[in-house]
Amino acid sequence: MSDPQARTPTTPLSVWVTGQQDGRTQLVHGGYVPDTAVDQARIPPAVAAYAIAHYTRPGALVLDPDCGAGTVLVEALRAGRHAIGLTSDAALRQIARANLTAAWKAGTFPEGMVLDDSTDSGTALADPLTGVIGRVDLVVTTARHAHTSRTVHAARPADSPDVPACITSLADALARCRPLLRPGGHAVVTLRPWREDGELLDLAGDLSTAAHHADLVPVERCVALLGRVHGNRITTRTSPSQRRFAGRYQRTTGLPIHRLAHHDVIIFRAPSSRDNANDTTQRSRQHAHRRSRGRTRRAR
Amino acid sequence: MTPTPANDSSDAPNGAASSSINPPSQTDEKRPRRRRRRRGRQAKHWATVWCCHTDELPDGLGLLAGWLFQAIVRITTRYTRAGDRVLLLAPPSPPGPDGPRGGSHHDPFTGLVEAAWTLTQLGRSVHTWNGDRPENRESDRTSPPEQSKSGPRPDRPAAAVVPDQPRAPADAEPNPDRFDLIITTVLAETVDQVQDTAWADLLMPSGVLAVITHGDCFAGRLRDPSTALVSTMRSHFLYLRDHVIVTEVPLIAAITSQVDESDSHSGPPSESVPVAPVRAHSDLYVFTPSQPSIPPRNEEEPFHV
């Protein structure tokens, strides 16, 4: 990342100012159907819009492998990109399709579709999307947590008990999306902070490790604001239950915790042919350096 | 200038006495009395994003960046009270291109210990550790120790002793010289040194360890020390309790640039590689020894943070 002092007014920052409007206002202004609010794990429209505008150009293809109510798809259409979404939840799939219809009625013309991902086969993702292998410019998705901590604990896979189930399923989705990404394409993943038994989980670290196995290179780590920026202050918007939890946490532990005002955003990139050439060159240089150090030690 | 912590609640204005000198007149009795909310100290609500950019710094600071100074003050006021012991632990300098102590390397966390005097003014008992470990001092043994703002540097803390097995602070030998708060910084290339510190001997069982760090991009790949940091701390029986974003630049410029760009949806100027974002924030990770578990209640959201 470059020096902050050298930035131009249009240079993007690692902090995305995407919380100037609250979530419900974003849905209303975006023309979403009212049932969209049912999807509590949705990516806020402003965050999706920012990622799409920064990492794609008009006419690009955006994919959300777990699209929920379809906020990523709608923002892609509104920005002049094509969009494909997948979800195994029948109710959310219906809402997502309604949102696409509303977007088309509002005047967007790019193509968009929502597919059913509810199959048992691990390679099902490739079947309906065979025609877009290597053509997806951007994947935008998020980790969807289970609804109770008991479910989270019980749902951890046996071979990786320390990795939350939401990260495991997200990593699987990224691995299945990998063949669809064009060389040099990006995958933007938003992560909502998550606690278990009072401990904050390192979801970004687990995700980066898992994405490594999918041949995705982490390139940036940013922050998407949920709160509104007022000059040099940020106003949070937390629910009553979140405030109750924060109060109970502080009374129990004596340790204050902070109200949620951001999501972590991890950006991955599919290696391109130039990356592979650079990796080969770098490995050659490292090998030559190690050999020269060995000769120096033997000479002493 | 004495810094003021952020989110200060407004005190009741001076002179707003509840009792009046003159007895109420009949006219006053006829007017309906409006209940006024008592303006006492309100609960302070802190967000997971701190805007720490500032152009005003106390006198006497040299290398310490303004945003880092603000962050240190906020951490101290947030997690300690007057009389608590605070340690500012500056890590060893990262190696330069010419060797361990040569070359130039831009360390954004330089000058951490310069905040000691300000924290002392806030009523904390401040200690500092600024320097390299003996194994890094190859040729500088005759140079005098660096002096901190709060006075002569104390004896080297037990941090230099590398334990065979990390212990939890509660299992360490009782030591009144341990600290209620430790503030330190970590770079991506020096995160391994966290493992070599005996945190149990430094931190009180109820203490807080605040680590400021950030990721950076090197050769087109993200170097994020947070994963190794969290994992290492867990091996020392210190658990991640909070993650705060500390912004280093004013965000108002970002708002303006985003408004300008949103109209065109033009995307990145180059089709192959979008413009890399400028790093505008650092990460504050808060660790504490094991705490009681807090399972969520049924009526609460699952995304409690």
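In case you missed it, the structure is sitting above this.
This section reports on the structure supplied with the text. As the structure is a prediction and not an experimental result, all values here were calculated from the model.

## A closer look at the overall build of chain A
Thinking step 1. Within chain A one finds 9 helices and 12 strands.
Thinking step 2. A burial count over chain A gives 54% of its 300 residues as buried.
Thinking step 3. The long-range fraction of contacts in chain A, counting pairs at least 24 apart against all pairs at least 6 apart in sequence, stands at 74%.
Thinking step 4. In the structure as shown, chain A presents an accessible area of about 13500 Å², 51% of it carried by carbon and sulfur atoms.

## Quick look at the overall build of chain B
Thinking step 1. The number of helices and strands found in chain B is 6 helices and 9 strands.
Thinking step 2. In chain B, buried positions account for 47% of the 305 residues.
Thinking step 3. Split by element, the accessible area of chain B, about 16400 Å² in all, is 48% carbon and sulfur.

## A look at the nonpolar core
Across soluble globular proteins, you tend to see nonpolar side chains buried next to one another.
Thinking step 1. In this structure, Ile72(B), Ile75(B), Leu88(B) and Leu284(B) are the most contacted members of the largest nonpolar core, which totals 40 residues.
Thinking step 2. Taken together, the elements giving at least two residues each to this core come down to helix H8 (240-253) of chain A together with helix H2 (66-79), strand E2 (85-90), helix H3 (116-121), strand E4 (179-186), strand E5 (203-213), strand E8 (239-247) and strand E9 (281-288) of chain B.
Thinking step 3. Per-element accounting of this core gives the leading share, 8 residues, to H2(B).
Thinking step 4. Discounting residues that sit within four places of it in the chain, Ile72(B) has contacts with Leu64(B), Leu88(B), Leu112(B), Ala115(B), Leu119(B) and Ile183(B).
Thinking step 5. Among the nonpolar cores identified, the runner-up in size contains 33 residues, and Ala48(A), Ala83(A), Val219(A) and Ile267(A) belong to it.

## Concerning unusual backbone geometry
Thinking step 1. We note that Asp215(A) has phi near 60 degrees; this positive angle belongs to a residue other than glycine.
Thinking step 2. For Asp215(A), a relative accessible area of 43% corresponds to the partly exposed category.
Thinking step 3. Phi angles above zero are rare outside glycine, and Phe237(B) is one such case at about 65 degrees.
Thinking step 4. With respect to the helices, strands and loops of the structure, Phe237(B) is situated in the loop between helix H5 (226-235) and E8.

## Details of helix H7 (residues 203-213) of chain A
Thinking step 1. Where H7(A) is concerned, the buried positions are Leu203(A), Ala204(A), Gly205(A), Leu207(A) and Ala211(A).
Thinking step 2. Where H7(A) is buried, its residues contact helix H6 (165-177), strand E6 (181-191), strand E9 (217-225) and strand E12 (262-269) of chain A together with H5 of chain B.
Thinking step 3. Phi for Asp215(A), located one or two positions after H7(A), is positive at around 60 degrees.

## Some remarks on the side chain of Arg221(A)
Thinking step 1. By secondary structure assignment, the location of Arg221(A) is in strand E9.
Thinking step 2. Looking at Arg221(A), its side chain comes within polar contact range of the side chain of Asp224(B), at 2.6 Å.
Thinking step 3. There is a polar contact of 3.0 Å between the side chain of Arg221(A) and the side chain of Ser226(B).

## What to know about the packing of aromatic side chains
Residue and element names in this part refer to chain B.
Thinking step 1. For the structure on display, the rule yields 4 aromatic pairs over all chains.
Thinking step 2. Taken together, a centroid distance of 6.1 Å and an interplanar angle of 65 degrees make the contact between Trp-67 and Phe-109 edge-to-face. Linking Trp-67 in helix H2 with Phe-109 in the loop between E2 and H3, this pair joins segments that are 42 residues apart in sequence. Here Trp-67 and Phe-109 have matching classes, each one buried.
Thinking step 3. Positioned above the aromatic ring of Phe-179 is the side chain of Arg-85, whose terminal nitrogen or guanidinium carbon lies 4.6 Å from the ring centre.

## Concerning the state of the cysteines
Thinking step 1. According to the stated counting rule, one finds 0 disulfides over all chains in the structure shown.
Thinking step 2. Here Cys166(A) stays free of any disulfide, with the sulfur of Cys177(A) as its closest cysteine sulfur at 16 Å.
Thinking step 3. With no disulfide of its own, Cys51(B) lies closest to Cys52(B) among cysteine sulfurs, the gap being 7.6 Å.
Thinking step 4. Residue Cys51(B) is classed as buried on the basis of its relative accessible area, which comes to 3%.

## A word on the pairing of E9(A)
Residue and element names in this part refer to chain A.
Thinking step 1. Here E9 lies mainly inside the structure; 9 of its 9 residues are buried.
Thinking step 2. Where strand E1 (residues 15-16) lies against E9, 2 bridges are found, and the strand directions are parallel. From the neighbouring strand, Val-15 faces E9, where its bridge partner is Val-223.
Thinking step 3. The pairing of E9 with E12 spans 8 bridges and is antiparallel. Residue Arg-221 lies in a different strand from E12, and its bridge partner there is Ile-266.

## Focus: the pattern of salt bridges
Residues and elements named next belong to chain A.
Thinking step 1. This structure, assessed with the given rule, holds 13 salt bridges over all chains.
Thinking step 2. In this structure, Asp-116 and Arg-93 form a salt bridge, with 3.1 Å as the shortest nitrogen-oxygen distance. Of the two residues, Asp-116 sits in strand E4 (residues 112-116) while Arg-93 sits in helix H4 (residues 90-105), which places them 23 residues apart along the sequence.
Thinking step 3. Residue class for Arg-93 comes out buried when judged on its relative accessible area of 11%.
Thinking step 4. By sharing partners, the salt bridges in this structure join Asp-39, Asp-66 and Arg-144 into a single network.

What counts and what doesn't
Residues numbered from 1 in each chain as written. Chains lettered and ligands numbered in written order. Predicted model: local features only at pLDDT ≥ 70, side-chain atom pairs only at ≥ 80, totals over all residues. Heavy atoms only, no water. Helix = DSSP H or I, 4+ residues; strand = E, 2+ residues; numbered from the N terminus. Buried < 20%, exposed > 50% of the residue type's maximum accessible area, 1.4 Å probe, protein only. Contact = heavy atoms within 4.5 Å. Areas by Shrake-Rupley, 256 points an atom, 1.4 Å probe, with all protein chains shown as cover. Core = buried A, V, L, I, M, F, W, Y, C linked by side-chain atoms within 4.5 Å. Polar contact = N/O pair within 3.5 Å; in protein donor to acceptor, adjacent residues only side chain to side chain. Phe/Tyr/Trp six-rings, centres within 6.5 Å; stacked < 30°, edge-to-face > 60°. Lys NZ or Arg CZ within 6 Å of the ring centre and 35° of its normal. Disulfide = S-S within 2.5 Å. Pairing = 2+ DSSP bridges. Salt bridge = Lys/Arg side-chain N within 4 Å of Asp/Glu carboxyl O.

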